[in-house]
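Coordinate analysis (summary)
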Amino acid sequence: MTDTLSDAVSRPEVPDFPMARAAGCPFDPPPALQALREEGPLAKVRLWDGSTPWLVTSYAEQRALLADPRVSADVTRPGFPSPAPRPRNSSLSFILMDDPEHARQRRMVQATFTVRRVESMRPAVQKIVDDLLDELLAGPRPVDLVEAFALPVPSLVICELLGVPYADHDFFQDNSKTIIRRSATPEQRAEAGARLNEYLDELVGRKLAEPGDDLLSRVAERVTSGELTRRQAAQMGVLLLIAGHETTANMIALGTLALLRHPDQLALLRESDDPKLVAGAVEELLRYLNITHNGRRRVAREDIEIAGRTIRAGEGIILANDIGNRDPEVFPDPDELDLRRDARRHVAFGFGVHQCLGQPLARMELQVVYSTLYRRIPTLRLATDLERIPFKHDGAVYGVYELPVTW
Ligand code: HEM
């Protein structure tokens, strides 16, 4: 038996998506999402615009679909399940394109993100972390860990890598936040996107005139060689800048909150100098927190038979990787934060051709942070109640807006 769009839509009980997390459970996927998973790997959900894409809750089907070339990430295709009204003329570069153009553009920058290249940056990242902690320890308390540490670490790193002046961080951090805030109006997002594109376009222009030893200069070379238009180069810069700081910043702050709420796990990390334990802890926190909580968004280009259902060409698909990472078939006791488990198969970085390009960099940054922060400040603790912490329920990336801490 297969299901079609018409019979699924006519059911009155198609739930709205996204769903709300339970009060007091800031790290767990919404209970309604867990209930849907128990009904089967695929279900229909209703989005803000009334459309009813498929929601895929099981790990196996998520990976199968993310690796399936019949599935498209092209946001301009009819049926694409947009998380919010899309501003006209917006683009986030190759993350929202299909092969072969996606692969062509991705290849231009991927050499910078290999494990080897990223490892060569570890001492510089360690210094950034150490310097920021020196400053933090010398300053007043309580302090907002997001502002003083979680945002500056990845922002400094991606600025250095791309060749973007860190002095402009307020400008690009504010505009990035607007772009990924679901509650921002299409106009607000369009304006923020235009400002960032203009800024990156000007920077590409400067790199064309005076190339440096940075990634944006190498992207600018592709403009000179005719492989990219200047607009494409600027859009690629915007993607790398946003993806490079906002995600990792949320993992640092939310990861710290999760560890403070699980003192036995925090103690493991603080008391060990085993790089394997630290690396495993990073994977487990990525799995457990899954900050890209709105699901991977795709649209079917052809009919796809999966798990006894038919996804019709043109139907939207949302791969809910947060609930995928809590699949008990793959991760025993999935709702436990267990830094010693082997969590490497998680889908927090996605899967398939769009799997996170920056993952070696994100991993290395998080390893440096998690192995340094709690050892340098062993008495680190929350300076407020959990109930008063503002969570990013409305963001494309989950996390906390502020994390007041003291020691
Ligand atoms: C903990 C931090 C991070 C998380 C959780 C994360 C998560 C993700 C996910 C889930 C995707 C897949 C999107 C999709 O399939 O639709 C993705 C793609 C991407 N990420 Fe990350 N990311 C992180 C850090 C970074 C960093 C540091 C960079 C550096 C620039 C980066 C650059 C990218 C790029 C360029 C893509 C698009 C890849 C493509 O379409 O081929 N990310 N990321």
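For clarity, every value in this text was computed on a predicted model and none was experimentally measured.

1. A few points about the site of the ligand
Taken together, 23 residues lie near the ligand, and Gly244, Thr247, Gly350, Cys356 and Gly358 sit nearest. Counting residues per element, the ones that place at least two in the shell around the ligand are α12 (230-260) and α16 (359-376).

2. Thoughts on the packing of helix α13 (residues 263-271) against α16
Running from amino to carboxyl end, α13 crosses α16 at an angle of 100 degrees, the nearest separation of the two axes being 8 Å. Relative to α16, the element α13 lies roughly perpendicular. The residues of α16 that touch α13, namely those facing Leu266, Leu269 and Arg270, are Tyr370, Tyr374 and Arg375. Among the residues making up the contact of α13 with α16, the classes are represented as 4 nonpolar, no polar and 2 charged.

3. Digging into the environment of Ile128
Among the secondary structure elements, Ile128 is positioned in helix α6 (residues 122-138). The class for Ile128 is buried, based on 21 C-beta atoms found within 10 Å. When the C-alpha positions of Ile128 and Ala32 are compared, they lie 41 Å apart, and in sequence the two are 96 residues distant. The contact partners of Ile128, leaving out residues within four places of it in the chain, are Val153, Leu156 and Val157.

4. With respect to the sheet that holds strand β8 (residues 316-319)
Pairing in this open sheet of 5 strands is mixed, and the strands run β1-β2-β8-β5-β3 from one edge to the other. A strand with exactly one partner marks an edge of an open sheet, and here the two such strands are β1 (42-44) and β3 (71-72). The sheet contact formed by β3 and strand β5 (residues 296-300) spans 2 bridges and is antiparallel. Following the sheet pairing, Ser72 is matched in β5 by Val299. On the sheet, helix α3 (residues 59-66) packs against β1, β2 (54-56), β3, β5 and β8 and is oriented at approximately 125 degrees with respect to β8.

5. A closer look at the sheet that holds strand β10 (residues 404-406)
If you trace the 3 strands from one edge of the open sheet to the other, you get β4-β10-β9, paired in antiparallel fashion. The open sheet terminates on both sides in strands that have one partner only, identified here as β4 (143-144) and β9 (381-382). Where β9 and β10 come together, 2 bridges link them in antiparallel fashion. Paired with Arg381 across the two strands is Thr406, which belongs to β10.

6. Brief notes about unusual backbone geometry
For the peptide bond that leads from Phe17 to Pro18, omega is 0 degrees, which places it in the cis range. Considering the arrangement of structural elements, one finds Pro18 in the loop between α1 (5-10) and α2 (31-39). The omega torsion across Arg141 and Pro142 is 5 degrees, close enough to zero to call that bond cis. Tracing the sequence through the fold places Pro142 in the loop between α6 and β4. Of note in this structure, Asn290 is not a glycine but carries a positive phi near 30 degrees. By the element assignment, Asn290 lies in the loop between α14 (275-289) and β5. Look at Asn290 and you get buried, because 23 C-beta atoms sit within 10 Å. Notably, Asp333 is not glycine yet its phi reads approximately 45 degrees, a positive angle. What makes Asp333 exposed here is the crowd of 10 C-beta atoms within 10 Å.

7. Section: α14
Between its terminal C-alpha atoms α14 stretches 21 Å, which fits the 21 Å expected from 15 residues at 1.5 Å a residue. Residues of α14 that are buried: Val278, Gly280, Ala281, Val282, Glu284, Leu285, Leu286, Arg287, Tyr288 and Leu289.

The rules behind the values
Starting from 1, residues in each chain are numbered consecutively following that chain's sequence as written. Owing to the predicted nature of the model, reporting of local features is limited to residues with pLDDT of at least 70; listing and counting of side-chain atom pairs is limited to 80 or more, with chain, interface and lining totals taken over all residues. For each residue, a C-beta atom is placed from the backbone, and the residue counts as near a molecule or strand when that atom lies within 6 Å of it. Only DSSP runs of H or I covering at least 4 residues are called helices, and only runs of E covering at least 2 are called strands; the numbering of each starts at the N terminus. Under this scheme, a helix contributes an axis fitted over its contacting stretch, all axes are lines through C-alpha atoms, and angles between N-to-C directions fall in the 0 to 180 degree range. Angles below 35 degrees are treated as roughly parallel, those above 145 as roughly antiparallel, those between 65 and 115 as roughly perpendicular, and all remaining angles as oblique. Placing C-beta atoms from the backbone, we regard two residues as in contact once those atoms come within 7 Å. Lys, Arg, Asp and Glu make up the charged group, whereas Ala, Val, Leu, Ile, Met, Phe, Trp, Tyr, Cys and Pro make up the nonpolar group; the residues left over, Gly among them, are polar. Buried residues are those with 20 or more other C-beta atoms within 10 Å of their own C-beta, exposed residues have 12 or fewer, and partly exposed residues lie in between; C-beta atoms are placed from the backbone. The pairing criterion is simple: DSSP has to find at least two bridges between the two strands. The span expected for a helix works out to 1.5 Å for each residue beyond the first.

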